[in-house]
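Coordinate inspection notes
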Amino acid sequence: MAYIVQADLLADIPNDVLIQLTDDNKDGAVDATVVTDAITRAQSEVDGYLAKRYSVPIATPPQLVKSLTATITCYRLFGRRGRGVPDDWSKRYDNAVRTLRDIAAGTIALDVEPPPAESSAVTAGEIKGPDRVFDRDKLGSF
């Protein structure tokens, strides 16, 4: 399940800009396939950082994860036109990545369950069997 949907992007960019960024066939409408692809790629990037501390994908992502995913999605949409990403979106992207690095480092914690701790302890097995027929005392003369 995606962390965000197309409608979530409208909080960051107006619909007419979203049309300009995605309307490859010039029909005057947002190309949902392009948006979905950008969301999927952005979520993969977010998950790459979050996987250091959390089980991904996060079933119920907190607002911070949604916001970071939306920022990275918008950055990707601006970048796909080949005209360069506007400076404000480059700064937003850099801030999003910095935040993701802080989450991965544990400086920022999310309100989600961390993955179960992996046990690195090795337990010794116990072997039970019949009493020894020959022990050191019985074999001492040989």
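Just above, that's the structure.
The sections below set out a description of the structure shown in this document. (Residues numbered from 1 in each chain as written. Predicted model: local features only at pLDDT ≥ 70, side-chain atom pairs only at ≥ 80, totals over all residues. Heavy atoms only, no water.)

**Some points on the environment of Tyr-93**
Locating Tyr-93 in the fold gives a position in helix α5 (residues 87–105). Overall, Tyr-93 belongs to the buried group, its relative accessible area being 18%. C-alpha of Tyr-93 to C-alpha of Gly-48: the two residues are 45 residues apart in sequence and 15 Å apart in space. Those residues within four positions of Tyr-93 in sequence are excluded, and the remaining contacts are Glu-45, Thr-71, Ile-72 and Tyr-75. (Helix = DSSP H or I, 4+ residues; strand = E, 2+ residues; numbered from the N terminus. Buried < 20%, exposed > 50% of the residue type's maximum accessible area, 1.4 Å probe, protein only. Contact = heavy atoms within 4.5 Å.)

**Observations regarding the side chain of Gln-43**
Structurally, the position occupied by Gln-43 is in helix α3 (residues 32–50). Those residues in contact with Gln-43 that lie beyond four places of it in its chain are Met-1, Ala-2, Tyr-3, Pro-57 and Thr-69.

**A word on the packing of aromatic side chains**
Taken as a whole, this structure holds 2 aromatic pairs when the rule is applied. Between Tyr-75 and Tyr-93 the ring centres are 4.0 Å apart and the planes differ by 10 degrees, which places this aromatic pair in the stacked class. Highlighted residues: Tyr-75 in helix α4 (residues 63–79) and Tyr-93 in helix α5, separated in sequence by 18 residues. A residue is classified by how much of its surface remains accessible, and Tyr-75, at 24% relative accessible area, is partly exposed. (Phe/Tyr/Trp six-rings, centres within 6.5 Å; stacked < 30°, edge-to-face > 60°.)

**A word on the side chain of Thr-69**
Note that Thr-69 resides in helix α4. The exposure class of Thr-69 is buried, given its relative accessible area of 0%. If we ignore the near neighbours within four places in the chain, the residues touching Thr-69 are Tyr-3, Ile-4, Ala-42, Gln-43 and Val-46.

**Things to note about the pattern of salt bridges**
Throughout the structure, instances matching the rule amount to 3 salt bridges. Among the salt bridges present, the one from Arg-76 reaches Glu-45, with a minimum N-O distance of 3.2 Å. Of the two residues, Arg-76 is situated in helix α4 and Glu-45 in helix α3; the sequence distance between them amounts to 31 residues. Residue Arg-76 is classed as partly exposed on the basis of its relative accessible area of 31%. (Salt bridge = Lys/Arg side-chain N within 4 Å of Asp/Glu carboxyl O.)

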